[in-house]
Amino acid sequence: MTEEFNNSTEGINLDKGVQVNDASTAPETDSINFTSRIDLGGLQQSIDAVKAEISSVIVGQHKMIDQLLVAILSNGHVLLEGVPGVAKTITAKLLAKTLTLDFSRIQFTPDLMPSDILGTSVYDMSASKFNFKKGPIFSNFVLIDEINRAPAKTQAALFEVMEERQITIEGTTHAMEAPFLVIATQNPIEQEGTYRLPEAQLDRFLFKIVIDYPKLDEEVAILQRENALHDRPKLENIKKILSQADILKYQGIVKHIVIEPQLIQYIAKIVTNTRENAFLYLGASPRASIAILNAAKGFAALRGRDFVTPEDIKDSAIPVLRHRVMVAPEREMEGLTSEQIIKQIVDTVEIPR
C-alpha cells in the first residue's frame, strides 16, 4: 500500500490493483417490483408519521433524522456532535416526544458523580434498612446533554448500562426495561471544562452523527418558523406515534431482515481494511462489524425492503466507524479525517455481484 493520499477527490491509492467502485455499480432496487417476505407496512407508516412530526419543527437534516430512526430500529445508542445552536438537544427531545416511553434528561457537569446517574442506597429509619433509590438512567429513553463535560469516573459508570442494559450496585444487578436507548450530545469545539470520551465508551455508540450548519434556504425557513411561533412552545403540538410495544415489535422485525452471505463478507472486508490501513492508528473491532450489520438492516427496513443492499451498508459505514477508528498522528497533522479515510476504504472494497 502506498502512502499517497489525495485530499480532494482521489483518496487512498492501493498498490494491489483493486478496482475502485462507485455507487453507480451498486444494484438498482428502487425500480424492481418484488413481494416483501416481511410485512413492513405498519413500520413504514409509523416511521413516516414520526418523520412528519419531527419535520414540523426541524428544518432539513433529513439524513440525521433517518440515522436516528435507524438507531431506534437497531436498538443502538447515538452520539450527536455539532457546534452550539444546531438543534442537537431539541432534536433528541422532539424524537422522545413522538415515543410513548419513559424519558429522562441528564445534564453532565464536571462535578457529576456516578451515583447521580445510577442511583444510591438510602437508609430507611422506619424499617432499619437501606433501600436503593434509582437514578435518572432508569428510563427507556435517556438524553445525556454535553456528555464530554463529566470526568472519566462518571463516564465509566455508563459502560455497563450502555452495553449490557443493566447496572450492578453493591453486588445487586438491576436490569433496564426494554427498549433502552441513549442519545448523547457533545460540542466538538469547546475544550474548556471538557473531557475526552474513552474509546471503550465511544465503541458503545452505534452511530456518531455529525450535525452541520443549515443551508441558506434552510436558515431562512428556520427564521420564518421562529417568527411565526409568537412565543408558543415549539413542541406543544407534537403527537406520540410509537408505543413501547410498537418499538419492540419493529426491532424484532428488523432482526429478520435478510442479508446475503456475500454482503456479510463485504462488511467484514470493510472493517478488516480499517485494521490494515496505513492511515489509521487504530482500526475497528468486531463490534463495529456487528453494528454495520444491524444498521444496514435498519436502513433496509426504513426504505421498505426486507433485504439488505450494498447501499445500506455504505450508508451505515461512516456513522458507525467514524468514532471507532483513530487517524495516525502524522496523517492527522496533514488534516485528514476519519470520515475521509473511511469513505475511501468503502469506495475501494469491491461491491459483491
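See the structure shown above.
So, how was this worked out
- Residues numbered from 1 in each chain as written.
- Predicted model: local features only at pLDDT ≥ 70, side-chain atom pairs only at ≥ 80, totals over all residues.
- Heavy atoms only, no water.
- Helix = DSSP H or I, 4+ residues; strand = E, 2+ residues; numbered from the N terminus.
- Expected span 1.5 Å × (residues − 1).
- Buried < 20%, exposed > 50% of the residue type's maximum accessible area, 1.4 Å probe, protein only.
- Contact = heavy atoms within 4.5 Å.
- Pairing = 2+ DSSP bridges.
- Axes fitted to C-alpha atoms, helices over the stretch in contact; angles between N-to-C directions.
- Parallel < 35°, antiparallel > 145°, perpendicular 65-115°, else oblique.
- Left-handed = near helix turned anticlockwise from the far one by under 90°.
- Nonpolar A, V, L, I, M, F, W, Y, C, P; charged D, E, K, R; others polar.
- Phe/Tyr/Trp six-rings, centres within 6.5 Å; stacked < 30°, edge-to-face > 60°.
- Lys NZ or Arg CZ within 6 Å of the ring centre and 35° of its normal.

1. Overview of helix α11 (residues 286-302)
And step 1. With 17 residues, α11 ought to run about 24 Å at 1.5 Å a step, and its terminal C-alpha atoms sit 24 Å apart, in line with that.
And step 2. For α11, the set of buried residues is Ala-288, Ser-289, Ala-291, Ile-292, Ala-295, Ala-296, Lys-297, Gly-298, Phe-299, Ala-300, Ala-301 and Leu-302.
And step 3. Buried residues in α11 make contact with α1 (41-55), α2 (62-73), β12 (205-210), α9 (244-255), α10 (261-276) and α12 (310-321).
And step 4. Note on α11: the residue one or two positions beyond its end, Gly-304, has a positive phi of about 80°.

2. Structural notes on the environment of Leu-43
And step 1. You can see Leu-43 is positioned in helix α1.
And step 2. Residues Leu-43 and Val-254 lie 211 residues apart in sequence; the distance between their C-alpha atoms is 9.7 Å.
And step 3. Excluding residues that lie within four positions of it along the chain, Leu-43 makes contacts with Leu-73, Tyr-250, Val-254 and Ala-301.

3. Re the sheet that holds strand β8 (residues 141-145)
Strand-to-strand pairing in sheets goes through backbone hydrogen bonds, with the strands running parallel or antiparallel.
And step 1. Spatial strand order, β5-β8-β11-β3-β12: five strands in an open sheet with parallel pairing. Looking at which strands have only one partner, the edges of the open sheet turn out to be β5 (103-107) and β12. Strand-to-strand twist in this sheet, taken as the mean axis angle between neighbours without regard to direction, amounts to 15°.
And step 2. Note that β5 and β8 share five bridges and pair parallel. Counted as the bridge partner of Ser-104 is Val-142 from β8.

4. Overview of the packing of α1 against α2
And step 1. One way to put it is that α1 packs onto α2 with a least axis distance of 11 Å and a crossing angle of 135°. Here α2 runs oblique to α1, going by the angle between their axes. Pair α1 / α2 crosses with right-handed handedness. On α2, the residues that touch Leu-43, Ile-47, Val-50, Lys-51 and Ile-54 of α1 are Ile-65, Asp-66, Leu-69 and Leu-73.
And step 2. A class-by-class count of the residues in the contact of α1 with α2 yields seven nonpolar, no polar and two charged.

5. Regarding the packing of aromatic side chains
And step 1. If you walk through the whole model with that rule in mind, you get four aromatic pairs.
And step 2. Where Phe-103 meets Phe-141, the ring centres are 5.8 Å apart and the plane angle is 40°; that geometry is what we call tilted. Of this pair, Phe-103 sits in strand β5 while Phe-141 sits in strand β8, and the two are 38 residues apart along the sequence.
And step 3. Given a relative accessible area of 36%, Phe-103 falls into the partly exposed group.
And step 4. Residue Phe-141 is classed as buried on the basis of its relative accessible area of 2%.
And step 5. Just above the ring of Phe-307 sits the side chain of Arg-305; from NZ or CZ to the centre is 5.6 Å.

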